[in-house]
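# Coordinate analysis (summary)
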Amino acid sequence: MVNQGDGPHGGIRGGGAAEGLGGDLHLELSDGPGGRRGALIRALRDAVRTGRLAPGTRLPPYRSLAADLGLARNTVAEAYAELVAEGWLTARQGSGTRVAARAEPPRPVRPPGTLTPPLPRRPRYDLVQGAPDAASFPRAAWLASTRRALTAAPNEAFGPGDPRGRPELRRAVADYLTRARGVRAEPDRVVICPGFAGALRLLGRVLSGTIAVESYGLGFHRSLLADAGLGTVALPIDEHGARVEELAATGAGAVLLTPAHQFPTGGSLHAERRAAVVDWARATGGLVLEDDYDGEFRYDRQPVGAVQGLDPERVVYVGSVSKSLSPALRVGWMVLPAHLVDAVLAAKGERESWTSALDQLALADFIACGSYDRHVRRMRRHYRRRRDRLLTVLAERAPHVRVTGIAAGLHAVLELPPGTERTVVQGAAWQGLAVEALGPYRHGEATGVPGDGLVVGYGTPPEHAFSGALDALCQALPPAR
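Below is a summary of the structure that appears in this document. If you're wondering where the values come from, they're calculated on a predicted model, not measured in any experiment.

Rules and cut-offs
Residues numbered from 1 in each chain as written. Predicted model: local features only at pLDDT ≥ 70, side-chain atom pairs only at ≥ 80, totals over all residues. Heavy atoms only, no water. Helix = DSSP H or I, 4+ residues; strand = E, 2+ residues; numbered from the N terminus. Buried < 20%, exposed > 50% of the residue type's maximum accessible area, 1.4 Å probe, protein only. Contact = heavy atoms within 4.5 Å. Core = buried A, V, L, I, M, F, W, Y, C linked by side-chain atoms within 4.5 Å. Axes fitted to C-alpha atoms, helices over the stretch in contact; angles between N-to-C directions. Left-handed = near helix turned anticlockwise from the far one by under 90°. Nonpolar A, V, L, I, M, F, W, Y, C, P; charged D, E, K, R; others polar. Salt bridge = Lys/Arg side-chain N within 4 Å of Asp/Glu carboxyl O. Phe/Tyr/Trp six-rings, centres within 6.5 Å; stacked < 30°, edge-to-face > 60°. Pairing = 2+ DSSP bridges. Expected span 1.5 Å × (residues − 1). Parallel < 35°, antiparallel > 145°, perpendicular 65-115°, else oblique. Patch = residues over 30% accessible without salt bridge, like charges linked within 9 Å, V, L, I, M, F, W, Y side chains within 5 Å. Areas by Shrake-Rupley, 256 points an atom, 1.4 Å probe, with all protein chains shown as cover. Lys, Arg positive; Asp, Glu negative; His and termini not counted. Charge placed at Lys NZ, Arg CZ, Asp CG, Glu CD.

The next subject is the overall build of the protein chain. Per the secondary structure count, the protein chain includes 14 helices and 19 strands. Across the 481 residues of the protein chain, 50% fall into the buried class. Taking the intrachain contacts of the protein chain between residues at least 6 apart in sequence as the baseline, contacts between residues at least 24 apart amount to 70%.

One finds Leu363, Leu473 and Leu477 to be the most contacted residues of the largest nonpolar core, which totals 57 residues. Looking at this core, the element that brings in the most residues is helix α14 (residues 463-476), giving 8 residues. Once residues within four sequence positions are removed from consideration, leucine 363 is found in contact with Trp142, Leu169, Val321, Leu325, Val331 and Trp333. In terms of nonpolar packing, the next biggest core, distinct from the first, is built from 27 residues, Leu202, Leu224, Leu287 and Leu336 among them.

As a further point, take the packing of helix α5 (residues 167-180) against helix α11 (residues 357-368). Where α5 meets α11, the axes come as close as 8 Å, and the angle between the chain directions of the two elements is 35°. Where α5 crosses over α11, the two elements pack in a sense that is left-handed. Contacts from Glu168, Leu169, Ala172, Val173 and Tyr176 in α5 reach Gln360, Leu361, Leu363, Ala364 and Ile367 in α11. Class assignment for the residues of the contact of α5 with α11 results in 8 nonpolar, 1 polar and 1 charged.

What follows is about the pattern of salt bridges. Should the charged atoms of two oppositely charged side chains come close, the side chains can pair. The final tally for this structure, using the stated rule, is 22 salt bridges. Notably, a salt bridge pairs arginine 387 with aspartate 388, separated by 2.9 Å at the nearest N-O pair. The shortest N-O distance in the salt bridge between glutamate 415 and arginine 402 comes to 2.3 Å. Linking glutamate 415 in strand β16 (residues 411-415) with arginine 402 in the loop between α12 (371-397) and β15 (403-404), this pair joins segments that are 13 residues apart in sequence. Under the relative-accessibility criterion, glutamate 415 is labelled partly exposed at 34%. Residue classification places arginine 402 among the exposed positions, given a relative accessible area of 51%.

Turning our eyes to something else, we now look at the packing of aromatic side chains. Under the criterion given, the structure shown has 7 aromatic pairs. Summarising the aromatic geometry, the rings of phenylalanine 263 and tyrosine 293 are spaced 5.5 Å apart at their centres and angled 85° between planes, so their arrangement reads as edge-to-face. Placement of the pair is phenylalanine 263 in the loop between β11 (254-257) and α9 (271-284) and tyrosine 293 in the loop between β12 (287-291) and β13 (315-320), with a sequence separation of 30 residues. Given the relative accessible area of 13%, tyrosine 293 is considered buried. Taking the centre distance of 5.3 Å and the plane angle of 85° together, the rings of phenylalanine 297 and tyrosine 383 count as edge-to-face. Remark: tyrosine 383 occurs in helix α12 and phenylalanine 297 occurs in the loop between β12 and β13; sequence separation between them is 86 residues. As far as burial versus exposure is concerned, phenylalanine 297 and tyrosine 383 are alike and both buried.

What follows is about the pairing of strand β3 (residues 89-92). Both β3 and strand β4 (residues 96-99) contribute to a ladder of 4 bridges, which runs antiparallel. Residue pairing in the sheet places threonine 90 in a bridge with arginine 98 of β4.

Time to look at the sheet that holds β11. Read across the open sheet, the 7 strands follow the order β6-β14-β13-β12-β11-β7-β8; overall the sheet is mixed. The open sheet terminates on both sides in strands that have one partner only, identified here as β6 (190-193) and β8 (231-235). In this sheet, adjacent strand axes meet at a mean angle of 20° when their direction is disregarded. Direction of pairing for strand β7 (residues 210-214) relative to β11: parallel, over a ladder of 3 bridges. Paired with alanine 212 across the strands is valine 255, a residue of β11. Contacts from α5 reach β6, β13 and β14 (332-335), with the element oriented near 110° to β6. Contacting β6, β12, β13 and β14, helix α10 (residues 338-348) runs over the sheet at an angle of about 25° to β6.

Turning our attention to unusual backbone geometry. In this chain, phenylalanine 263 is followed by proline 264 through a cis amide linkage whose omega measures 5°. With respect to the helices and strands, the residue proline 264 is situated in the loop between β11 and α9. For arginine 330, which is not a glycine, the phi torsion comes out positive at approximately 55°. In this fold, arginine 330 is placed in the loop between β13 and β14.

Here helix α1 (residues 35-49) spans 21 Å end to end across 15 residues, near enough to the 21 Å set by a 1.5 Å rise per residue. When we look at burial in α1, the residues that qualify are Gly38, Ala39, Leu40, Ile41, Ala43, Leu44, Arg45, Ala47 and Val48. Where the residues of α1 are buried, they touch α2 (62-69), α3 (73-86) and β4. Within two residues after α1, glycine 51 carries a phi angle of roughly 90°, on the positive side.

Turning to the packing of α2 against α3, a few remarks are in order. Here α2 crosses α3 at 125°, and the two axes come no closer than 8 Å. In terms of orientation, α2 lies oblique with respect to α3. Crossing of α2 against α3: the hand is right-handed. Across the interface between the two elements, Tyr62, Arg63, Leu65 and Ala66 of α2 pack against Arg73, Val76, Ala77 and Tyr80 of α3.

It is worth spelling out a positive patch on the surface at this point. The grouping of Arg374, Arg377, Arg378, Arg381 and Arg385 at the surface amounts to a positive patch. Tracing the backbone through its elements, the reader meets arginine 385 in helix α12.

We now examine the environment of proline 33. Within the secondary structure, proline 33 is located in the loop between β2 (11-12) and α1. Judged by its relative accessible area of 66%, proline 33 falls in the exposed class. If we skip the residues at most four places from it in the chain, proline 33 touches Gly38 and Arg42.

Together, Leu150, Phe158 and Leu358 line one region of the surface with nonpolar side chains, adding up to about 280 Å² of accessible area. Structurally, phenylalanine 158 is set in the loop between α4 (139-152) and α5.

Now the structure itself:
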């Protein structure tokens, strides 16, 4: 369709390459030499040159274009004729006027002796931790929830968003966390955020001083705290999780923990330490930041409840759907102590600009109708089978390699002989396998921490590639000594 623009500028709305113009191309007729005819020629030439009118695109008949732009027919006809003569357009009887096919510009010639840098080779297999099995996303159930949510949504849901998040999702999250994770949650304490990183950015704006972090964790999270002006101090870990008895000596006012499944080493915080960290927070006025990143996926016994249930006024509980559904959704939540709610909302701003209201509505329905529970149960069985296959293959082909952190989550840690971590990662790359070393997760000031290892994510590969990924992993592991 061809439309008349406002004022001295005419507009053409266009799209399809072969059949004509659709709805998203605009031609501006600017002042300049040649009057309106010259302005049209320049606008069309510029649209072709920049690729907004692709080769083969059929232009409107000059009568239609003239009528919509308020030009004389002869003006448009002459502009078309000149552009045909210049080679920008072609005109054939019965085919109309189209953008001419043009040769690609020659590529720059490299000076003699200059080598072309090789393109990075994409790994054939992927055992990097951090992502669920993308092929298992419940598309049909999600689509059904999206349809129901959009049908039932009030009109105000399509306006500026509430920084707290949609009330439908806050209610659904509060009900689910109370039932499934032992969280003491009320909807007015829930603030929706775009995953854990988004929550940490917000908390970084309201906290101050030094935060204790586990001696192994995501460097990205430590960087977010540093960007907010917060210092971090390393808290040692062992097979029972973080050694919270050393918190008092750090001088920290808050501590960031992964109590259900320490990331990445894999242990869960011992019951005595869970009580001790809450006692520390009560005695000092401190705060516990609980990252429950994969709390739903426990395989050998019942899931460990959230630390937040011990004292909701001293613990910030943070969760998301990044592991349980997909990181592409960018939806997470914080359950906040009462004294932090207003400060976090003030840091977030007056309107929701982080997380799509439509995704929130769909997730609220997905949880409320039971689809989320069914999906989590199905994926728990799926990932447990993945874990068991990993353990079976390693027991058969690399029995000398000790595997830890296997009771929960989507990854395991393989212990390596001292000094072999880098070599094994390089060897895996030669096998076409992407896998991560344990060392980069270490805090720069950590002491007395585990040795060399691999962090193996068994959730990521599609099913057809999992066996090949395990074979490549075994090929890269060092032999028994």
